[in-house]
Amino acid sequence: MTTIFNALRSIGFQRGPRRLVAGIGGGLAEKFGLDVWLVRVLLLVSFLLPVLGLGAYLVAWILLPWQDGRIPLERAVARASARS
């Protein structure tokens, strides 16, 4: 699993520092040089698409690293394995 998480970190996409919910819109805006509010509006519009918009957002929320490199799924897996 470490290889997968390191690969996610190496793609160069992180959650943005200017976040409202999870930082996905801020990260997209920073990566592509767009206005953060434009990206947020586009994300909200994408939620109108069945499964695709909200599903993709939730997957991004679970898999994309924070600014310090922590990945939520990695932390959850580590906690689950520590309990076993």
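The following paragraphs examine the structure supplied in this document. (Residues numbered from 1 in each chain as written. Predicted model: local features only at pLDDT ≥ 70, side-chain atom pairs only at ≥ 80, totals over all residues. Heavy atoms only, no water.)

**Describing the overall build of the chain**
Within the chain, the secondary structure is distributed over five helices and zero strands. The order of α-helices and β-strands along the chain, N terminus first, is α-α-α-α-α. Projected onto its principal axes, the C-alpha coordinates of the chain cover approximately 45 × 25 × 20 Å. Residues classed as buried in the chain amount to 29% of the 84 residues present. By sequence separation, contacts in the chain at least 24 residues apart represent 45% of the contacts at least 6 residues apart. For the chain, the separation between the mean place of its 10 positive charges and that of its 4 negative charges on side chains is 7 Å. (Helix = DSSP H or I, 4+ residues; strand = E, 2+ residues; numbered from the N terminus. Buried < 20%, exposed > 50% of the residue type's maximum accessible area, 1.4 Å probe, protein only. Contact = heavy atoms within 4.5 Å. Lys, Arg positive; Asp, Glu negative; His and termini not counted. Charge placed at Lys NZ, Arg CZ, Asp CG, Glu CD.)

**Quick word on the side chain of Ser46**
Inspection of the secondary structure assignment puts Ser46 in helix α3 (residues 36-46). Note on Ser46: relative accessible area 19%, which makes it buried. There is a polar contact of 2.6 Å between the side chain of Ser46 and the backbone oxygen of Leu43. (Polar contact = N/O pair within 3.5 Å; in protein donor to acceptor, adjacent residues only side chain to side chain.)

**A short note on the packing of aromatic side chains**
As enumerated under the stated definition, the model contains two aromatic pairs in all. Residues Phe47 and Tyr57 carry aromatic rings whose centres are separated by 5.5 Å and whose planes lie at 85 degrees to one another, so their mutual orientation is edge-to-face. Remark: Tyr57 occurs in helix α4 (residues 52-63) and Phe47 occurs in the loop between α3 and α4; sequence separation between them is ten residues. Look at Tyr57 and you get buried, because its relative accessible area is 12%. Taking 6.2 Å as the distance between ring centres and 75 degrees as the angle between the ring planes, the aromatic pair formed by Tyr57 and Trp61 counts as edge-to-face. Here Trp61 and Tyr57 lie together in helix α4, a separation of four residues that amounts to about one turn. Here Trp61 falls in the partly exposed class, since its relative accessible area comes to 34%. Among the aromatic side chains, those forming a connected cluster through ring pairs are Phe47, Tyr57 and Trp61. (Phe/Tyr/Trp six-rings, centres within 6.5 Å; stacked < 30°, edge-to-face > 60°.)

Just distances and angles here, no functional claims.
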